[in-house]
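# Coordinates in review
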Amino acid sequence: MKQNKSLFRRFLKVHFLFIFFPPMMLIFISAFFGVSSTHEKNVNALNLFYVSVLLFGFIMVAFVILSWVFFMKLQKRLARLQEVMSSSAKNNSFPKPLSVQADRMDEIEQLGSSFNWMMQQLEDSRKREYEEELLRHRLIANLSHDLRTPLTILRGHVTRLNQESMSLEGQNSLIEINHTITRVGDLMDDLLTYTLLTSGKHPFRPVSTDIGRLVRASVAAWYPVFEEKEIQLDVDLPADETFYWETDPSWMTRVLDNLFQNVIRHAAEGKYVNIAVDVEKERIIIADRGPGMAHSSYGRGAGIGLSTSNYMLEKMKLKADFTSNENGTRVAIGRA
């Protein structure tokens, strides 16, 4: 293996020789080529002084020039590396490999070689991550579709059993089985939606959105569901005032649907939900009187839906602040 060269050691060696070699030659010439007469000695001493001054000046000028040339070359090579790094950062992409001269493997070339190796490792890692992510998304999508068939069969058997005569306990069990099948189907829908979102299959199209009008439309769509569950709906939606967010209306509607659905699933026993739009603080507030997010019902099922909502809100530069205890849960959606 070829031994690495040292750029700075070569620089110091050249400058050391250049600074000390001329004075040593001058001392050597003065010692071996002196003259005998006093007058000639004085004249040669004076000439030697001028020669020394000129030699010192020449050494200083040459030292500055050599140093300037060295550092200009060094700056040019480092600037090439910095330009590649900064251009890749601006374009949000991996930079192209740097050209490395194998016959001049000094510190700068070693830095370039290490940079190329690091970029290659990152590129390989990104390819593996992309392939794994693609495989995971495909697996989840296929699994979500494949599980619908056995769920449909189970629901068909539940429907058939409902037509048979059985005890009250059996009927209650069938109702619970039917609810569980519905819940599993909803979970698969949430999982598929989250997978499609994170893979870019549901593009984000932001527009200036009237939030008061959007919330009013969502509440109107969910009102029959709340009424069926006998949940008291307390709505505070100003008719004459509103505010606008740069959001995707379909994404924002999906977030509200998920939060309303969580109220139905996990807080219906509280029989109350408050939905308000705070125009002054530009917030959407949803509060219930359920058992709180620490309850096992939330722990079992709200995770995927909330992850989907949080992902959408983050993309829209919004955030949801949750406040939950045994007396209920309050969600405030506002700017991040």
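The structure this text deals with has already been given above.
This section reports on the structure supplied with the text. (Residues numbered from 1 in each chain as written. Predicted model: local features only at pLDDT ≥ 70, side-chain atom pairs only at ≥ 80, totals over all residues. Heavy atoms only, no water.)

### Some words on the pattern of salt bridges
The final tally for this structure, using the stated rule, is three salt bridges. With a shortest N-O distance of 3.9 Å, arginine 283 and aspartate 278 are connected by a salt bridge. Overall, arginine 283 belongs to the partly exposed group, its relative accessible area being 23%. Across the salt bridge formed by arginine 335 and glutamate 282, the nearest N and O atoms sit 3.0 Å from each other. Residue arginine 335 is found in strand E7 (residues 328–335), and its partner glutamate 282 is found in the loop between strand E4 (272–278) and strand E5 (283–288); the two are separated by 53 residues along the sequence. On the basis of relative accessibility, which here comes to 25%, the residue glutamate 282 falls in the partly exposed class. (Salt bridge = Lys/Arg side-chain N within 4 Å of Asp/Glu carboxyl O. Buried < 20%, exposed > 50% of the residue type's maximum accessible area, 1.4 Å probe, protein only. Helix = DSSP H or I, 4+ residues; strand = E, 2+ residues; numbered from the N terminus.)

### Description of the sheet that holds E7
Reading across from one edge, E2-E4-E5-E7-E6 is the order of the five strands in this open sheet, with mixed pairing throughout. Edge strands, defined here as strands with exactly one partner in the open sheet, are strand E2 (232–236) and strand E6 (318–325). Neighbour-to-neighbour, the strand axes of the sheet open up by a mean angle of 10°, direction not taken into account. Pairing geometry for E6 and E7, over eight bridges, is antiparallel. Bridge pairing in E7 places phenylalanine 322 opposite valine 331. Seen against the sheet, helix H7 (residues 249–266) touches E4, E5, E6 and E7 and runs at an angle of roughly 15° to E5. (Pairing = 2+ DSSP bridges. Axes fitted to C-alpha atoms, helices over the stretch in contact; angles between N-to-C directions. Contact = heavy atoms within 4.5 Å.)

### Notes on the pairing of E7
Where a strand is regular, its side chains alternate between the two sheet faces. Buried residues dominate E7, accounting for six of its eight residues. Both E5 and E7 contribute to a ladder of four bridges, which runs antiparallel. In the strand pairing of E7, isoleucine 285 is matched with alanine 332. Linking two consecutive strands that pair antiparallel, namely E6 and E7, is a turn of two residues.

### Some remarks on the side chain of asparagine 258
Locating asparagine 258 in the fold gives a position in helix H7. In terms of polar contacts, asparagine 258 uses its side chain to reach the side chain of serine 309, at 3.1 Å. With near-sequence residues (within four places) excluded, asparagine 258 lies in contact with Gly305, Leu306 and Ser309. (Polar contact = N/O pair within 3.5 Å; in protein donor to acceptor, adjacent residues only side chain to side chain.)

### Remarks on the packing of aromatic side chains
Each aromatic ring pair is summarised here by two numbers: the centre-to-centre distance and the angle between the ring planes. Inspection of the entire model under this criterion finds five aromatic pairs. A ring pair is formed by phenylalanine 204 and tryptophan 251, whose centres lie 5.0 Å apart and whose planes are at 35°; its orientation type is tilted. With a gap of 47 residues between them, phenylalanine 204 in the loop between helix H5 (168–198) and strand E1 (207–210) and tryptophan 251 in helix H7 connect regions that are remote in the sequence. Owing to a relative accessible area of 30%, phenylalanine 204 belongs among the partly exposed residues under this scheme. (Phe/Tyr/Trp six-rings, centres within 6.5 Å; stacked < 30°, edge-to-face > 60°.)

### Regarding the environment of valine 279
Inspection of the secondary structure assignment puts valine 279 in the loop between E4 and E5. Look past the residues within four positions of valine 279 in its chain and what remains in contact with it is Pro238, Glu241, Thr242 and Phe243.

### Examining the nonpolar core
Residues Val215, Met252 and Ile333 are the most contacted members of the largest nonpolar core, which totals 35 residues. Put simply, the parts of the chain that give this core at least two residues each are helix H6 (211–228), H7, E4, E5, helix H9 (303–315), E6 and E7. With near-sequence residues (within four places) excluded, methionine 252 lies in contact with Leu214, Trp245, Thr247, Ile284, Leu313, Met316, Leu318 and Ile333. Core analysis: the next-biggest nonpolar cluster, separate from the first, contains five residues, Leu151, Val158, Leu174 and Ile181 among them. (Core = buried A, V, L, I, M, F, W, Y, C linked by side-chain atoms within 4.5 Å.)

### Here's the deal with the environment of tryptophan 251
Overall, the relative accessible area of 6% leaves tryptophan 251 in the buried class. Residues tryptophan 251 and proline 203, spaced 48 residues apart in sequence, show a C-alpha to C-alpha distance of 9.7 Å.

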